[in-house]
Amino acid sequence: MNIFNASAGSKITFAHPENGSTYEREKTAKHLKVGETYTINRIYIGGFNTDIYLDEVPDVKFNSVMFDDAA
């Protein structure tokens, strides 16, 4: 996904469950379904990673490398 074009309300698709750390992969497996589209609630761009919060799971952060921009 293009983190620089992403903002609250943008749609993204959970497309890369193999990316991220073991902890992140386990966490996404509990909350998200591969191929489903979600809505960004907020985004924090850091130096080494970008945290994504979703409307559908607002209190859990996800790694941006696991998503694609929705078509």
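Use the structure listed above.
The residue count restarts for each chain, going from 1 along the sequence in the order it is written. Under the rules for a predicted model, residues below a pLDDT of 70 receive no local features and side-chain atom pairs below 80 are neither given nor counted, while totals for whole chains, interfaces and linings still include all residues. Processing note: side-chain calculations cover all non-hydrogen atoms of the structure and skip hydrogens and water entirely.

Asks: Report on the environment of I3, specifying residues and quantitative values.
Replies: Position of I3 relative to the elements: it lies in the segment before β1 (11–14). Residues I3 and I52, 49 residues apart in the sequence, show an inter-C-alpha distance of 9.4 Å. Throughout, a contact is declared for two residues whenever any of their heavy atoms are within 4.5 Å. With residues near it in sequence (within four places) discarded, I3 still touches I43, I45, T50 and S64. A run of H or I in DSSP counts as a helix once it spans at least four residues, and a run of E counts as a strand once it spans at least two, with each numbered from the N terminus.

Asks: Which residues make up the nonpolar core, and what are the values?
Replies: We define a nonpolar core as any set of buried Ala, Val, Leu, Ile, Met, Phe, Trp, Tyr and Cys residues linked to one another through side-chain atoms lying within 4.5 Å. Working definition: with a 1.4 Å probe on protein chains only, accessible area under 20% of the residue-type maximum means buried, over 50% means exposed, and in between means partly exposed. Counting residues in hydrophobic clusters, the biggest one holds 13 residues, and the most contacted among them are I12, F14, L32, L54, F62 and F67. Listing elements by their share of this core, those giving two or more residues are β1, β2 (37–45), β3 (50–54) and β4 (57–63). By residue number, the principal contributor to this core is β4, which donates 3 residues.

Asks: Give me the side chain of T28: which residues, what numbers.
Replies: Looking at the secondary structure, you find T28 in helix α1 (residues 22–31). On the accessibility criterion, T28 (2% relative accessible area) is buried. With near-sequence residues (within four places) excluded, T28 lies in contact with F14, F62 and M66.

Asks: Can you break down the sheet that holds β1 residue by residue, with the values?
Replies: Only strands that DSSP links by at least two bridges are regarded as paired with each other. Judged by pairing direction, the sheet is antiparallel, and its 5 strands sit side by side in the order β4-β3-β2-β1-β5 without closing on themselves. At either end of the open sheet lies a strand with only one pairing partner, and these are β4 and β5 (67–69). Each adjacent strand pair in this sheet contributes to an overall mean axis angle of 45°, direction not counted. Direction of pairing for β3 relative to β4: antiparallel, over a ladder of 4 bridges. Looking across to β4, one finds that L54 is bridged to V57. Helix-sheet contacts for α1 involve β1, β2 and β4, and the interaxial angle to β4 is about 140°. Lines fitted to C-alpha atoms define the axes, with helix axes restricted to the stretch in contact, and inter-axis angles between N-to-C directions lie between 0 and 180 degrees.

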